[in-house]
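Remarks on the overall topology
One letter stands for each residue in the lines below.
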Protein chains: 2
Amino acid sequence: MYGLMQREPINLVSILGHAARWHPHQEVVTNTVEGGIHRQSYSDTYVRATRLANRLQRYGIEKGDRVGTLGWNTYRHLESWYAIAGIGAVCHTVNPRLFPEQIKLIVNHAQDRLLVVDLTFADLIREALPDLPSVEAVIFMCRGDDMPDVGGWARPVYCYERWVGEGEDRIEWPALAHDAASSLCYTSGTTGDPKGVLYSHRGNLLHAYALSMPDVLGIAANETLLMVVPMFHANSWGLAYAGPMAGAKLVLPGPHMDGKSIAELINGENVTKAAAVPTVWTMLLGHLRTGETGLDSLKEVGIGGSAVPRAMIEEFRNDYGVNVVHIWGMTEMTPLGTVSRPKPSMAGLGDEQLLLAKCKQGRVPFGVDMKIVDDAGRALPHDGRTFGRLLVKGPWTIERYYRSDESALTDGWFDTGDIATIDEHGFMQVTDRSKDVIKSGGEWISSVAIENAVMGLEGVEIAACIGAKHPKWDERPIVLVKRGADSQISKNEIIGELSAHLAKWQLPDAIVFVDAIPLTATGKIDKKPLRAAYGNCLLQ
Amino acid sequence: MYGLMQREPINLVSILGHAARWHPHQEVVTNTVEGGIHRQSYSDTYVRATRLANRLQRYGIEKGDRVGTLGWNTYRHLESWYAIAGIGAVCHTVNPRLFPEQIKLIVNHAQDRLLVVDLTFADLIREALPDLPSVEAVIFMCRGDDMPDVGGWARPVYCYERWVGEGEDRIEWPALAHDAASSLCYTSGTTGDPKGVLYSHRGNLLHAYALSMPDVLGIAANETLLMVVPMFHANSWGLAYAGPMAGAKLVLPGPHMDGKSIAELINGENVTKAAAVPTVWTMLLGHLRTGETGLDSLKEVGIGGSAVPRAMIEEFRNDYGVNVVHIWGMTEMTPLGTVSRPKPSMAGLGDEQLLLAKCKQGRVPFGVDMKIVDDAGRALPHDGRTFGRLLVKGPWTIERYYRSDESALTDGWFDTGDIATIDEHGFMQVTDRSKDVIKSGGEWISSVAIENAVMGLEGVEIAACIGAKHPKWDERPIVLVKRGADSQISKNEIIGELSAHLAKWQLPDAIVFVDAIPLTATGKIDKKPLRAAYGNCLLQ
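Residues numbered from 1 in each chain as written. Chains lettered and ligands numbered in written order. Predicted model: local features only at pLDDT ≥ 70, side-chain atom pairs only at ≥ 80, totals over all residues. Heavy atoms only, no water.

Regarding its fold elements, chain A presents 15 helices and 25 strands. For chain A, whose C-alpha radius of gyration is 24 Å, the value lies close to the compact-globule estimate of 24 Å for 540 residues. Summarising its shape, the C-alpha atoms of chain A cover approximately 75 × 60 × 55 Å along the three principal directions. Counting the 540 residues in chain A, one finds 60% classified as buried. Considering only residue pairs separated by 6 or more positions, chain A has 66% of its internal contacts joining residues 24 or more positions apart. Element-wise, carbon and sulfur atoms account for 48% of the exposed surface of chain A, whose accessible area totals about 20,900 Å². Chain A carries 53 positive and 64 negative side-chain charges, and their two centres are separated by 3 Å. (Helix = DSSP H or I, 4+ residues; strand = E, 2+ residues; numbered from the N terminus. Rg over C-alpha atoms; globule rule 2.2 N^0.38 Å. Buried < 20%, exposed > 50% of the residue type's maximum accessible area, 1.4 Å probe, protein only. Contact = heavy atoms within 4.5 Å. Areas by Shrake-Rupley, 256 points an atom, 1.4 Å probe, with all protein chains shown as cover. Lys, Arg positive; Asp, Glu negative; His and termini not counted. Charge placed at Lys NZ, Arg CZ, Asp CG, Glu CD.)

Before going further, it helps to spend a moment on the sheet that holds strand S8 (residues 181-186) of chain B. Residue and element names in this part refer to chain B. One open sheet holds the seven strands; their spatial order is S7-S6-S5-S3-S4-S8-S9, and the pairing between them is mixed. The open sheet terminates on both sides in strands that have one partner only, identified here as strand S7 (157-159) and strand S9 (196-200). Strand-to-strand twist across the sheet, computed as the mean angle between neighbouring axes with direction ignored, equals 25 degrees. With four bridges joining them, strand S3 (residues 66-70) and strand S4 (residues 90-93) adopt parallel strand pairing. Across the sheet, residue Val67 finds its bridge partner in S4, namely Cys91. (Pairing = 2+ DSSP bridges. Axes fitted to C-alpha atoms, helices over the stretch in contact; angles between N-to-C directions.)

What follows concerns the side chain of Ser80 of chain B. Residues and elements named next belong to chain B. Relative to the assigned elements, Ser80 resides in helix H3 (residues 75-86). A relative accessible area of 0% means that Ser80 is categorised as buried. Of the polar contacts made by the side chain of Ser80, one reaches the backbone oxygen of Arg76; its length is 2.8 Å. Filtering out sequence-adjacent residues up to four positions away, Ser80 remains in contact with Leu52, Val116, Met141 and Tyr160. (Polar contact = N/O pair within 3.5 Å; in protein donor to acceptor, adjacent residues only side chain to side chain.)

Mapping chain B onto chain A leaves a residual RMSD of 0.1 Å; the transformation is a rotation of 180 degrees accompanied by 0.0 Å of translation along its axis. Viewed as a symmetry operation, the transformation between the two copies matches a two-fold axis. No C-alpha of chain B approaches the rotation axis more nearly than that of Met213 of chain B, which lies at 2.5 Å. When you check the interface residues of chain B against chain A, 99% turn up at the interface there too, and the contact is symmetric in its surfaces. (Least-squares fit on C-alpha atoms with pLDDT ≥ 70 in both.)

It is worth spelling out helix H8 (residues 239-246) of chain A at this point. Here H8 of chain A lies mainly inside the structure; eight of its eight residues are buried. All buried positions along H8 of chain A are accounted for by Leu239, Ala240, Tyr241, Ala242, Gly243, Pro244, Met245 and Ala246 of chain A.

Next up on the list: the interface of chain B and chain A. Counting residues at the interface gives 75 residues for chain B, matched by 74 residues for chain A. One can count two salt bridges joining chain B with chain A. Of the charged contacts, one joins Arg21 of chain B and Asp369 of chain A as a salt bridge, the two residues approaching to 2.9 Å between their closest N and O atoms. Inspection of the region where chain B meets chain A yields 32 residue pairs in polar contact (both at pLDDT 80 or more). Within the residue set of the side of chain B that touches chain A, elements represented by two or more residues are helix H1 (13-22), S9, helix H7 (201-212), helix H8 (239-246), strand S16 (369-373), strand S17 (388-393) and strand S19 (413-422) of chain B. With six residues, the top contributor of residues to the side of chain B that touches chain A is H7 of chain B. Taken together, the residues of the side of chain B that touches chain A sort by class into 41 nonpolar, 20 polar and 14 charged. (Salt bridge = Lys/Arg side-chain N within 4 Å of Asp/Glu carboxyl O. Nonpolar A, V, L, I, M, F, W, Y, C, P; charged D, E, K, R; others polar.)

Residues and elements named next belong to chain A. Ordered by their spatial adjacency, eight strands build an open sheet running S2-S1-S11-S10-S12-S13-S14-S15, and the pairing between neighbours is mixed. Here the strands that pair on one side only, and so sit at the sheet edges, are strand S2 (37-41) and strand S15 (336-339). For this sheet the average axis-to-axis angle between neighbouring strands, irrespective of direction, equals 20 degrees. Examined bridge by bridge, strand S1 (residues 27-31) and strand S11 (residues 249-252) share three bridges and lie parallel to one another. Following the sheet pairing, Thr30 is matched in S11 by Leu252.

On to the pairing of strand S16 (residues 369-373) of chain A, then. All names here are of chain A. In terms of burial, S16 is largely enclosed, as four of its five residues are buried. Relative to strand S17 (residues 388-393), S16 runs antiparallel, the two being bridged by five bridges. What sits directly across from Met370, in S17, is Val392.

Below, the discussion takes up the pairing of S17 of chain A. Bridge count for S17 of chain A against strand S19 (residues 413-422) of chain A is four bridges, and the pairing is antiparallel. Paired with Leu391 of chain A across the bridge in S19 of chain A is Asp415 of chain A.

Formed by 172 residues in total, the largest nonpolar core has its most connected members in Tyr209 and Leu239 of chain A together with Tyr209 and Leu239 of chain B. Leave out the neighbours within four places in its chain, and Leu239 of chain A touches Leu211, Leu217, Ile219, Leu225, Met227, Val229, Pro244, Leu250 and Ala275 of chain A. Judged by nonpolar contacts, the second largest core, of 62 residues, contains Cys142, Ile262, Val271 and Val324 of chain B. (Core = buried A, V, L, I, M, F, W, Y, C linked by side-chain atoms within 4.5 Å.)

Attention now goes to the packing of aromatic side chains. Summed over the entire model, instances satisfying the criterion amount to 23 aromatic pairs over all chains. Judged by centre distance (6.0 Å) and plane angle (5 degrees), the rings of Tyr209 of chain A and Tyr209 of chain B are stacked. Taken together, the residues span two chains, with Tyr209 of chain A in helix H7 (residues 201-212) and Tyr209 of chain B in helix H7. The same class applies to Tyr209 of chain A as to Tyr209 of chain B, namely buried. Ring centres 5.2 Å apart and planes at 50 degrees place the aromatic pair Tyr158 of chain B and Trp163 of chain B in the tilted group. A connected cluster of aromatic rings, assembled from ring pairs, spans Tyr209 and Phe366 of chain A together with Tyr209 and Phe366 of chain B. In this structure, Arg55 of chain B is placed above the aromatic ring of Trp163 of chain B, and the distance from its NZ or CZ to the ring centre is 4.2 Å. One residue, Arg483 of chain B, lies across the ring of Phe513 of chain B, its end atom 3.7 Å from the ring centre. (Phe/Tyr/Trp six-rings, centres within 6.5 Å; stacked < 30°, edge-to-face > 60°. Lys NZ or Arg CZ within 6 Å of the ring centre and 35° of its normal.)

Moving on, we come to the side chain of Thr397 of chain A. Relative to the helices and strands, Thr397 of chain A is located in the loop between S17 and strand S18 (409-410). Not counting the four nearest positions on each side in its chain, Thr397 of chain A is found in contact with Glu332, Met333, Val392 and Phe414 of chain A together with Met5 and Gln6 of chain B.

Residue and element names in this part refer to chain A. By the assigned domains, chain A splits into domain 1 (13-256), domain 2 (335-433) and domain 3 (438-539). The C-alpha centroid of domain 3 is placed 26 Å from the C-alpha centroid of domain 2. At the interface, eight residues of domain 2 touch six residues of domain 3. Carbon and sulfur atoms make up 57% of the area that domain 2 and domain 3 hide from each other, which totals about 550 Å². Remark: the boundary between domain 2 and domain 3 carries one salt bridge. Here Asp375 ties to Lys439 by a salt bridge, and the two come within 3.2 Å at their closest N and O atoms. Our enumeration of links across domain 2 and domain 3 arrives at four residue pairs in polar contact (both at pLDDT 80 or more). Among the secondary structure elements, those contributing two or more residues to the side of domain 2 that touches domain 3 are S17 and strand S20 (428-433). For the side of domain 2 that touches domain 3, the per-class residue count stands at three nonpolar, two polar and three charged. (Domains from an automatic or database assignment. Buried area = accessible area lost by both parts, 1.4 Å probe.)

With that settled, consider helix H13 (residues 447-455) of chain B. In an α-helix, one turn spans 3.6 residues; hence positions three or four apart end up facing the same way. Turning to H13 of chain B, its buried residues number three or more, namely Ser447, Ile450, Glu451, Ala453 and Val454 of chain B. Along H13 of chain B, the residues classed as buried sweep out an arc of 165 degrees about the axis, all on the same side. (Arc of directions from axis to C-beta.)

The subject of this paragraph is the packing of helix H9 (residues 259-269) of chain A against helix H10 (residues 278-288) of chain A. Residues and elements named next belong to chain A. Packing of H9 against H10 brings their axes to within 8 Å, and their N-to-C directions diverge by 80 degrees. The orientation of H9 with respect to H10, classified from their angle, is roughly perpendicular. Contact residues: Gly259, Lys260, Ile262, Ala263 and Ile266 in H9; Val280, Met283, Leu284, His287 and Leu288 in H10. Among the residues forming the contact of H9 with H10, the class breakdown is seven nonpolar, two polar and one charged. (Parallel < 35°, antiparallel > 145°, perpendicular 65-115°, else oblique.)

Counting across every chain of the model gives 76 salt bridges over all chains. Measuring nitrogen to oxygen at the nearest pair gives 3.0 Å for the salt bridge that ties Asp215 of chain A to Arg363 of chain A. In this pair, Asp215 of chain A is assigned in the loop between H7 and strand S10 (224-227) and Arg363 of chain A in the loop between helix H12 (351-359) and S16, connecting sequence segments 148 residues apart. An identical accessibility class is assigned to Asp215 of chain A and Arg363 of chain A; each is buried. A salt bridge links Asp436 of chain B to Arg531 of chain B; the shortest N-O distance between them is 2.9 Å. Linking Asp436 of chain B in the loop between strand S20 (428-433) and strand S21 (437-440) with Arg531 of chain B in helix H15 (residues 527-534), this pair joins segments that are 95 residues apart in sequence. Using a relative accessible area of 13% as the deciding quantity, one classes Asp436 of chain B as buried. Three or more residues joined by partner-sharing salt bridges are found here, namely Glu34, Arg48, Arg76, Glu79 and Glu161 of chain A.

Listed below in structure tokens is the structure:
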């Protein structure tokens, strides 16, 4: 039997419509690409999104068509998101920091018909265009005066502001299915087939509600939300929906993500909550240490994308009175997975224990379920020590990748590729990527735990732990260490220090001093060349 | 194009499953029908709901079947809600305070197969059973020892705890449609055809997320939520879903809603947030005035069901430091409509203006849209003065009544039957039920505004304003006044005082002193006999 409530599926553009109708004067503030602060209201934003949507329809964009964007966090990019999804097309956010070959690969895989781009990427686009057969035209997010010279370009080029001017300010937003696609984001995997995650209106809607909850980000109309997390990364954590849903003031940094610019934006706009990856906060804290300014309005930062260093949580708390909320998620999860917001069951913990809990990735809101399993798929206990593969499911977790015929699930669960523990409070902690776990005689050893222990030693500049093949144990941990200048720390000293933190069978079989540890383009340790060079060293 | 997120519709029982899995030790506390406090965890509650669901299935309850409940707010009633909806049946909450004839009418209209009832209602049920042909059996929410004598009853009678004991603790919850019916509640209309509101899993789910938002009730795991609002009234405001969704501690008063019992429950369980109708708070404040106790843990009360008196907001704030949130909704809206949570646009208002805003019904969360219209359906301005019919829509607003072939909507909007203003901040204020508006020469006059003004005068005990037929103006307001003992206030004095608050054309044409004002069973002024007696008094 069906309920007799109103059944019309919710189009995401109705979130912006709600903001325009009930928080019409609330601001969207942008530190623009062209330079200078731009302000407009939710009411303006909705009208401009409507005009753009109308113009896109007149151009011939239809339901299901992909429209790519290469843009910073700006009001125009925000309008584009809502306009494109609002007419039932798919907003494909392309990460402009990828290599040109990767950009071509995913634009061609997505078959984007149009690209809506920021001026910053003019050269990139001009050079790529001949290799992007599906792309019919390019729209630059700027005014006519700022248009680049596009003589000789391989495709027609339009001006965003002209399009907005040409569109009507009224539209009949189409009726969509509950599960209609809204947007598309490729995972950052740099090898193999491109993996596109096709978000839905339903998933994004539930996700935005969940983000608003007090135990997640707690977004209210009286918050001013700085959305540093790029709109081309993992759906920008859903903040582009959750902010307007609550009627919060939205502050967008454009391309200006250095510490000084972020500090000025926070203080200039009285930002109360902000979300970004650790790198951005490292730059901000570095700038603040100059003593030039504080952070008076800021109450809380959400940090995700990689594990939050304990020192960062402490520095924010002790020096600026800012609460850090650790957020974990992934592109395949729209992306919210867990949040490290303390629970009543933790009321008895002391400061140190609470701090350790905040260093964990945290607990799930309703809408995400998770479990850890062993290699046979058996669920493992929530004791905070046992680690296993982390599986997730829920209405905003992927079912399959774009243009894939195969489900990405096993028995309804998605394997995150992470190895994690879950403690008695339900707090999950990622210990490794599963490919980084060392399997020694049927036991799993966390390479990240060893790495962190070694990196914490004085005299060690950077260290990497990998599994080396072993005749008896299958794999055993070895550690590559780059010592700091003037450091004379010895292998025995390192092993000795590690003994305090690790069980005997977890201690590395070898310590190798090296001159350099290779890093990936995003600054993470690149273990591939290390495995190639040292993976057989225990067999010799 | 469809998104590629996981599509499985969400069964409401998964909310309780989430609470059991991620907040297993969090408590559900009940001031029981039998007497004494009962405690169990979310984990217990889920297992018991599972057992009950299994037993219901074994009995033969199938998807779409209606199971009625007549119960107080207790853990058993909570379990029943989840168990019944979880197996795809419909939980029909019957208001046990209705007259027996009304109860028969709606149970027969709903065609309930089973009735799950509290001991309190044994006599009521026994007498009604012969007239309830669809009801196959009755289950008493008690232990075997507490079962009433059911010799000679018209139908088989079972013991709830025995059923829970007989059910298996594992179940495959069925897959349901997005819009599957979850529950059924009849509006309190005492005349005409019964009007059943058939709630959906989807509507309840979105509604629970919205309730959790910081600008609505702000429900977090560290809150202790006292749910006084009866589970047989308007879906108990959705709190039975929103509480477990957040992992909040849930406190249920059972039948004990007097001021002393509520105060003891709040203080004994460290309740932080509570929701009830004004009558309950009047009783609580009355009890507190004895000076026996304070309200140390309580931070906020949500009050709805009828307009919140300004004095109540002030007393809570000034004497107990408790914030009052005015909530407006209706059975047809699952029931959340608006909340009077201040907005940033009101930051410049002084204390008095803010207090007046809090007396309004407030603003919509995302998921409700509203507008005020004139008799021709034209939208009216949001100026805080113009009043019109209040129309609403959204995914948890009714489309049609149960077993009705007709949509309850006009152009997609549901007419609430209320007359309201909306101010520049989006704050709605109900001024009248539309049947209580007096239409004088094309202008609308608020009978409630006149009533309130008269009731505010010293010497007036109670007053009622109705529209009396008028040869020229169609209708004109007249006021029936019962003076207080010893009061000598005159008609002229009343008119004189009203002139300060009302425009001349809004002033009543007659003041009639009466010995009594008739009230309905729920304590509201009953205008029907007054209209019959005085509606023609201006024609004579």
